[in-house]
Structures are given as C-alpha cells and as structure tokens.
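Residues per chain are reported as follows:
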Number of protein chains: 2
Amino acid sequence: MHKIDTFVFLLSIQLGKKKPLILVTNDDSINAAGIKVLINTMCEIGDVVVVAPDSPQSGMGHAITLDSPLRLKEIKATGHKEYICSGTPVDCVKLAVNVVLQRKPDLLVSGINHGSNASINVIYSGTMSAAVEGALEGIPAIGFSLLDYAQDADFSVVQKYVKIIAQNALDKGMPRRTCINVNFPSIPEEQLKGVRVCRQANGNWQEEFDVREDPTGKKYYWLTGVFVNYDKGKDTDEWALANGYVSIVPVQYDLTAHHAVPFLNEWSYEI
Amino acid sequence: MHKIDTFVFLLSIQLGKKKPLILVTNDDSINAAGIKVLINTMCEIGDVVVVAPDSPQSGMGHAITLDSPLRLKEIKATGHKEYICSGTPVDCVKLAVNVVLQRKPDLLVSGINHGSNASINVIYSGTMSAAVEGALEGIPAIGFSLLDYAQDADFSVVQKYVKIIAQNALDKGMPRRTCINVNFPSIPEEQLKGVRVCRQANGNWQEEFDVREDPTGKKYYWLTGVFVNYDKGKDTDEWALANGYVSIVPVQYDLTAHHAVPFLNEWSYEI
C-alpha cells in the first residue's frame, strides 16, 4: 500500500475503535429505574458519563440555579462514570459540559422519564429541558419517556428502540438547533406498531387545586389536574401514542411565532 | 328608541364602563421595583389583581411545584388586590386563574423584569414563562423586561410604552397560542428610536463555573457566564436593543421543529 493509503486505513481502524462519548441525565433523579435502563443501554454503544440530579426534579422545566451554589459528587459505578448534582436537569447538563467532561459528548440522552412528555408536557419537563440544553450546546440530544409512572415499569421493548434511535442520532446527527422528544406507549411489544415522526399535539392541563388546611388552620394548595387534548390531527404525538406508535417530535428552542409578526406590526406604538 | 336599540345602547355604556381585569405577576418577587411600576401602570387602565412570588424566582423557566404544597396569602394593598405565593411564576399564574380570580382575566402582564429576556434568555426566564402560561390559558399575555439590573433603575419611559402595548393587547387581542416578549434598552428617552417587532436572536450563554471550597474542604459551584450573540440579522431582538429600539418578539409554546420532520423520517427504526 502507498503511504497515504496506509494512513487512511489506520485512521479508519482508529475511528472504528473509538467509542462515542454519551452523556446521560434525567429529571427523576439517579435513583429512578428509567435512568438505570438508559445507562445500561448506552453502555452497549458508547463510553457513558452520567450526571444526574440527586433528588427528583420533575416539572422543573428549563430552571437553572442562580441564587445558590451547586454540589457535584462522583459516585462509584461499574463500567461508566457517574456523578450526582444538587441542581436541576439543566444544571446537570451545564456542569457536565463545563466541569465534568474533557470534550463535547457525541450524544446526550435524557430519561427514561416515568410518565408522558408528549404535547404540552414538553415545556414543563425537566427531562426534555435537559435535551434542549444539549441542543443549545450543539450536542445531538434525545429525551425518552415511557407512559407508565410505575417504578417497576417494563422497559424491555423500550430499550430496543432507545438503542436504535440513539444509534441513528450518532450516525446521522441532528438538524441544527433541534433535539428530539421520544415517547413510548405503555403497551405489550406485540401491540406496538412502530415509530411515527409527529408534531406536538395542541393540548393542555386543566388544573384543579386540592385545598387543605394545616394543623394551625392555614390553607395550602396541591396542584392537580387532567390533561386535555384539543387536537384532532393524526400527525400528532398524542394520536401516535393512543394508536400504538412510538412518537418522535423534533423540538426547537427558537420560540419565535413568526406568523404573528405581521399582526404585531399593525399595532400602534406611538407614546 | 325601540326597545332593542335601548338595550344595545345601555349595553354599550355598560361595556364602556367596565374596566378590564388585569393579572400581574413577575419572577423577581413582590418586593422588586419592576412589579411596583407595572402594578401602578396597570391600575391606570384596569382592575388589577397581583399574584406574585414571595421570593425571587429568576431562572425558574417553566418550573411548576409538584412535590410540595403551595401557600397563597392575600396582603394589604391600596387600589388593587394583591397575593403572594410560595411557588414559581408559573405556579402563580395557575393559582391566580384557578383559585384567586372569579373569571378569566382580559390581560396578563409579567415583570417588569430587572435584566434582559431577549434571545435565548426567554427559555430560562420565569417572567416569560408566566406569560407563556397565560397564553396556554387563552389569556393575552405580555412579559416586560428592562436591560438594567439596578433596583433603582429608571422606569419612566418604559412605563409609557408598557401602557400603550398593554392597551394594544386589550384592544386587539393576541394571535392564538402566542404571547409577546417585550425588552427595553437601558437608554435615555431622547435616544430611544421606537419599537421593532423582531425574531429571537440566535445566541447562547458560555458558562463558566466559579469553583470554591466550603470550610470542610468540599467543592461547590456557582453558575456564571457571558452571553454570546451568534446572529448577524438585523431583524432580531438583540439587534433592536443594541440599536436603540424596544424589541417585541411573538413567542409560541408549540416547540415542534417542523423543518426537521423529513430528516427524521429518513432514519431507520427497525428493531
């Protein structure tokens, strides 16, 4: 072989050998069943570093910790590196990228969340906000969720899809300034019909506050509610999940409602 | 006049008399200077109810409180109703709509935030998340921010624009499923050139963590960083603010990156 061919050959072996670096996080905390499944699955395809919250952070959205310092602690793990953080899921991503990791990871995966992050849940979800933060850092990023709150939920079929979807992201990357929101219906494998790429359904929570009185007679309020899907479209994540499909929604952090610009240009701004 | 005409005439008088119901909130807490300016300005055009956090909630994004109960307390105020809440800005909106108010408000205003919520700050901002939550509830909603962190910042010119923009929203409503993000440059009135309707600039924070040791020798981390604007466009909020304009960006909560759907449909999902 010529010198140049030998170089390319050796390089390709080198590249072939090098495992991708995968950052794992979630919002249900390091102690959740879902993140353990995700770590095990990612260890099959890459070098894994986990930076996850030390306590549950569900519903934290894109919150960051500004008014108090963060703690970060390495804990013993077999086959991968694992850290716990006192902050939110987004704090975990920022600490991972800026403090823990020596280089930008090839992939960020968040979850597997216990419960749906379809439709409007995406904006309340710490799981998805961690993925969005990854996209902001230019990292291909995926949030995974299973529509089952049980700690002993069956992740066996989910695991297969998680692996193939993560591998796609590693091989093909992600469109710029986006990440993906993957939700799994909680149904047996034989009923699962495949994957649908969708849009976010137009739905919302109808809240009711559970009002109680503490022992001193003062009122306090628990947030409760039911999710309502207003969207009749068959191209939505809610439709896909209700009809036996895994839903994938590409998510962006440019929130500009471009269609509303002409409307606002009609307003009068004379003071 | 005929009976029907009389009825319409009296109804129009009645409607003309009825002041709009305006919900005011923020993320800097009830004690911030910005919300006091906003309350005073809104009292000039409507019946005001304030539900604001009892402590600072900057950077809380769209966080909601799921794992602990919320407290809500009415406090004495002159000319309007005022409540403080132990939760996040989004909690405040949910409590206002579902517990405090007898009917859906005609307008929700959030702020005036001390510091910029332009560009990517929109996703970290509790001020803007409160406005987004308003949009989700079908309420015309506006987040206001002044690019000045000082508690004694000069809001005099800001106040004039806040009034005219709020009046526009009351008169004309908002495009469905959107709210608006209004930022003011911190410059004297004579340098202010007017208002620009913009898109969100493509920018991001480059974080650095300030690492310190506590008295027992354990490390802790403070989040710090600098904002970097990657966007050269003259149609962005960052451009407007840097060039002496008030920026208005319409904001949506449908995060679907529609342009990325074909890309994801090319992936292989065979397990």
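Our focus in this paragraph is the nonpolar core. What tends to happen in soluble globular proteins is that the nonpolar side chains get buried as a cluster. Ranked by internal contacts, the top residues of the largest apolar core, which has 159 residues, are Ile142 of chain A together with Ile142 of chain B. Sequence-distant contacts of Ile142 of chain A, that is, excluding residues within four places in its chain, are made with Val109, Ala131, Ile165, Ala166, Ala169, Cys179, Ile180 and Val182 of chain A.

Once that is clear, we can look at unusual backbone geometry. Excluding glycine, most residues fall at negative phi; most peptide bonds, likewise, are trans. Omega for the bond connecting Gly111 of chain A with Ile112 of chain A falls within 30 degrees of zero, at -10 degrees, which places this linkage in the cis form. You can see Ile112 of chain A is positioned in strand β5 (residues 107–114). A positive phi is found at Ser119 of chain A, a non-glycine position, where the angle reads about 50 degrees. Its place among the elements puts Ser119 of chain A in the loop between β5 and α4 (121–124). Judged by the 29 C-beta atoms lying within 10 Å of it, Ser119 of chain A is buried. Look at Ser29 of chain B: it is not a glycine, yet its phi comes out positive at around 90 degrees.

Residue and element names in this part refer to chain B. In the sheet, strand β2 (residues 47–53) pairs with strand β4 (residues 81–85) via 5 bridges, with the strands oriented parallel. Following the sheet pairing, Ala52 is matched in β4 by Ile84. For strand β3 (residues 72–75) and β4, the ladder comprises 4 bridges, and the chain directions are antiparallel. Paired with Lys73 across the strands is Ile84, a residue of β4.

So, on to the sheet that holds β3 of chain B. Residues and elements named next belong to chain B. Strands sit in the order β3-β4-β2-β1-β5-β6-β7-β11-β8 across an open sheet of 9 strands; the sheet is mixed. Looking at which strands have only one partner, the edges of the open sheet turn out to be β3 and β8 (194–197). Looking at each pair of strands side by side, their axes are set apart by 20 degrees on average, direction ignored. Sheet topology places strand β1 (residues 21–25) next to strand β5 (residues 107–114); 4 bridges connect them, and they run parallel.

Between the two copies, chain B and chain A, the superposition gives an RMSD of 0.0 Å; the rotation angle is 180 degrees and the shift along the axis is 0.0 Å. The symmetry that links the two subunits is that of a two-fold axis. The overlap is high: 100% of the interface residues of chain B also sit at the interface in chain A, so the same surface is used on both sides.

Thresholds applied
Starting from 1, residues in each chain are numbered consecutively following that chain's sequence as written. A letter from A marks each chain and a number from 1 marks each ligand, given out in the order of writing. Where local features are concerned, this predicted model is filtered to residues with pLDDT of at least 70; where side-chain atom pairs are given and counted, the filter is 80 or more; whole-chain, interface and lining totals use all residues. Working definition: the nonpolar core is a set of buried Ala, Val, Leu, Ile, Met, Phe, Trp, Tyr and Cys residues, joined through C-beta atoms within 7 Å. Working definition of burial: number of other C-beta atoms within 10 Å of the residue's own, with buried at 20 or more, exposed at 12 or fewer, and partly exposed in between, all C-beta atoms being placed from the backbone. By the criterion used throughout, residues are in contact when their C-beta atoms, derived from the backbone, lie within 7 Å. Put simply, DSSP marks the helices as runs of H or I at least four residues long and the strands as runs of E at least two long, and each gets a number from the N terminus on. Strands are labelled as partners when DSSP assigns at least two bridges between them. Axis definition: a line fitted to C-alpha atoms, over the contacting stretch in the case of helices. Angles run 0 to 180 degrees between N-to-C directions. In superposing the copies, a least-squares fit is computed on C-alpha atoms, taking residues whose pLDDT is at least 70 in both.

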